[in-house]
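# An overview of the molecular structure
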Amino acid sequence: MLLHIRRIDSCEAYHLASALIYPKTALVFLPEPMPWQRIDIAGLAALETSEEVEKGVRLFTTKLTATLAGKRMPLPERPLAYRLTTVGGQQFLLGTAFPPFPLTVQETVAPSRAAEVSAVSLSVRWTSDVPLLAMR
């Protein structure tokens, strides 16, 4: 199974209110189309997941990092959720319509050496009692 992330799409999280989430099986069904917006990335994105038990509650942390193919993406006033597509075509949902929402950070790196690459990196971190969800 190849889990290399080749595509990232985003939409405002509130659009996912009708999603049917099954946390025990880490599945989500979207009964209606969502207004996904493609995020242009350079190469593949990195995805890390971990879990821990804190005060008797299992928490899942998912971190997505990617290099944007152009300039910074405009961030809306409302929280975002992300659809991740692997090289094998499998899709995952990062975030839901309900708090806690994924935290999105963009960082511009402008190195002091001309031989090094300038880039905008995207980092999304989500800690929740819901794991990264496979989309069906």
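To be clear, the structure that these remarks concern was listed above.
Below is a short write-up of the structure.

Conventions used here
Residues numbered from 1 in each chain as written. Predicted model: local features only at pLDDT ≥ 70, side-chain atom pairs only at ≥ 80, totals over all residues. Heavy atoms only, no water. Salt bridge = Lys/Arg side-chain N within 4 Å of Asp/Glu carboxyl O. Buried < 20%, exposed > 50% of the residue type's maximum accessible area, 1.4 Å probe, protein only. Helix = DSSP H or I, 4+ residues; strand = E, 2+ residues; numbered from the N terminus. Pairing = 2+ DSSP bridges. Axes fitted to C-alpha atoms, helices over the stretch in contact; angles between N-to-C directions.

Turning our attention to the pattern of salt bridges. Scanning the model with the defined rule gives three salt bridges in all. With a shortest N-O distance of 3.1 Å, Asp 9 and Arg 7 are connected by a salt bridge. On the basis of relative accessible area, Asp 9 is assigned to the buried category, the value being 1%. Asp 9 is paired through a salt bridge with Arg 83; the nearest N and O atoms lie 3.2 Å apart. Taken together, the residues span a long stretch of sequence, with Asp 9 in strand β1 (residues 5–12) and Arg 83 in strand β7 (residues 80–86) at a distance of 74 residues. Judged on exposure class, the residue Asp 9 and its partner Arg 83 are both buried. Within this structure, Arg 7, Asp 9 and Arg 83 form a network of salt bridges that share partners.

A cis amide bond links Pro 99 to the next residue, Pro 100, at an omega of -5 degrees. In this fold, Pro 100 is placed in the loop between β8 (91–94) and β9 (103–109). In this model, Ala 26 sits at a positive phi of 55 degrees, which is unusual for a non-glycine residue. Topologically, Ala 26 is positioned in the loop between β2 (20–22) and β3 (27–29). On the basis of relative accessible area, Ala 26 is assigned to the partly exposed category, the value being 22%. Backbone geometry places Lys 55, a non-glycine residue, at a positive phi of 55 degrees.

One open sheet accounts for seven strands, arranged β2-β3-β11-β8-β7-β1-β4; its pairing is mixed. Either end of the sheet is taken by a strand with one partner, and the two such strands are β2 and β4 (37–39). Sheet twist, expressed as the mean angle between neighbouring strand axes with direction ignored, is 30 degrees. Relative to strand β11 (residues 133–135), β3 is paired through two bridges, and the arrangement is parallel. Along β11, the bridge assignment pairs Val 28 with Met 135.

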